[in-house]
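Residue-level structural notes
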Amino acid sequence: INWLVEACFPRFCLGCGREGSLLCTACDAAWLPSPIKDGVDVMSFAVYADPIARGLLTAWKYHGDWSAWEILQRRLGPELVPLRNHIAGVANLVVVPLPLSRVRYCLRGFDQAAEIAKWLSQELGVPYRNLLGRHEREGRQAERLPKDRRQAMNDNPFVIRVFSGLPQHIILVD
């Protein structure tokens, strides 16, 4: 059945547009994600404006193309070295995903932050804990609001689900 899906919905390289896969061999070799590193508080695999990173995330999150997640995992692995060095010797550390809204979960069928957090937990050898939930009264997603409205928002859509045994250090995944 894969051949039928690929015949009806061919994939095109996010780098050069060649038909066949999300990232052809040449573009995969040439792609250098540009990570964001804000001191030690914020680390990111790639700038979201990076067209290949954005395309892979879009293919995975919105189109359910798990081959995009496989590419991201392969490319993320080597980028974990600075994070591994940063957390070496840190006690009471866990990996926690920011939860997806129920509506988005139903639309996608999976929570990408949870998937990334589970993978990161395994790669780093750090426990995974699902500590956060979402308020029942979910409003509009901040990303869809104008910048001035996003900055003025005071409502936190997240709640702590577990209060006993909270860790001292968290790697928060969004």
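Now for a quick tour of the structure. Not measured: the values here are computed from a predicted model. (Residues numbered from 1 in each chain as written. Predicted model: local features only at pLDDT ≥ 70, side-chain atom pairs only at ≥ 80, totals over all residues. Heavy atoms only, no water.)

1. As for helix α7 (residues 112-124)
- Helix length check: α7 (13 residues) gives 18 Å between terminal C-alpha atoms against 18 Å at 1.5 Å per residue, within 8%.
- Taken together, the buried positions of α7 are Q112, A113, A114, I116, A117, W119, L120, S121 and L124.
- On its buried face, α7 is in contact with α3 (51-63), α4 (66-79), α5 (81-87), β3 (93-97), α6 (102-108) and β6 (169-173).
- Where α7 begins, one side-chain oxygen reaches toward the backbone nitrogen of A113, 3.0 Å away; that side chain belongs to D111.
- Directly beyond the C-terminal end of α7, a positive phi value near 70° is found at G125. (Helix = DSSP H or I, 4+ residues; strand = E, 2+ residues; numbered from the N terminus. Expected span 1.5 Å × (residues − 1). Buried < 20%, exposed > 50% of the residue type's maximum accessible area, 1.4 Å probe, protein only. Contact = heavy atoms within 4.5 Å. Polar contact = N/O pair within 3.5 Å; in protein donor to acceptor, adjacent residues only side chain to side chain.)

2. Re the packing of α3 against α4
- Viewed as axis vectors pointing N to C, α3 and α4 meet at an angle of 135°, and their least axial separation amounts to 7 Å. Relative to α4, α3 is oriented oblique. Handedness of the α3/α4 crossing: left-handed. Contact with α3, carried on its side by L56, L57, A59 and W60, involves W66, A68, W69, I71 and L72 of α4 and no other residues of that element.
- Along the lines of polarity and charge, the residues of the contact of α3 with α4 split into 9 nonpolar, no polar and no charged. (Axes fitted to C-alpha atoms, helices over the stretch in contact; angles between N-to-C directions. Parallel < 35°, antiparallel > 145°, perpendicular 65-115°, else oblique. Left-handed = near helix turned anticlockwise from the far one by under 90°. Nonpolar A, V, L, I, M, F, W, Y, C, P; charged D, E, K, R; others polar.)

3. A word on α4
- In this model α4 runs 20 Å from its N-terminal to its C-terminal C-alpha over 14 residues, within 8% of the 20 Å that 1.5 Å per residue would give.
- Considered for burial, the residues of α4 that qualify are S67, A68, W69, I71, L72, R75, L76 and G77.
- Contacts from the buried residues of α4 go to α2 (25-30), α3, α5 and α7.

4. Focus: the environment of R108
- Looking at the element boundaries, R108 is found in helix α6.
- Relative accessible area serves as the criterion here: at 18%, R108 is assigned to the buried category.
- Taking the C-alpha atoms as reference points, R108 and G64, separated by 44 residues in sequence, lie 7.1 Å from one another.
- Polar side-chain contacts of R108 include one of 2.7 Å to the side chain of Q112.

5. Looking at the state of the cysteines
- Scanning the model with the defined rule gives 0 disulfides in all.
- Cysteine C13 is unpaired, with the sulfur of C27 as its nearest cysteine sulfur at 3.6 Å.
- Residue class for C13 comes out buried when judged on its relative accessible area of 5%. (Disulfide = S-S within 2.5 Å.)

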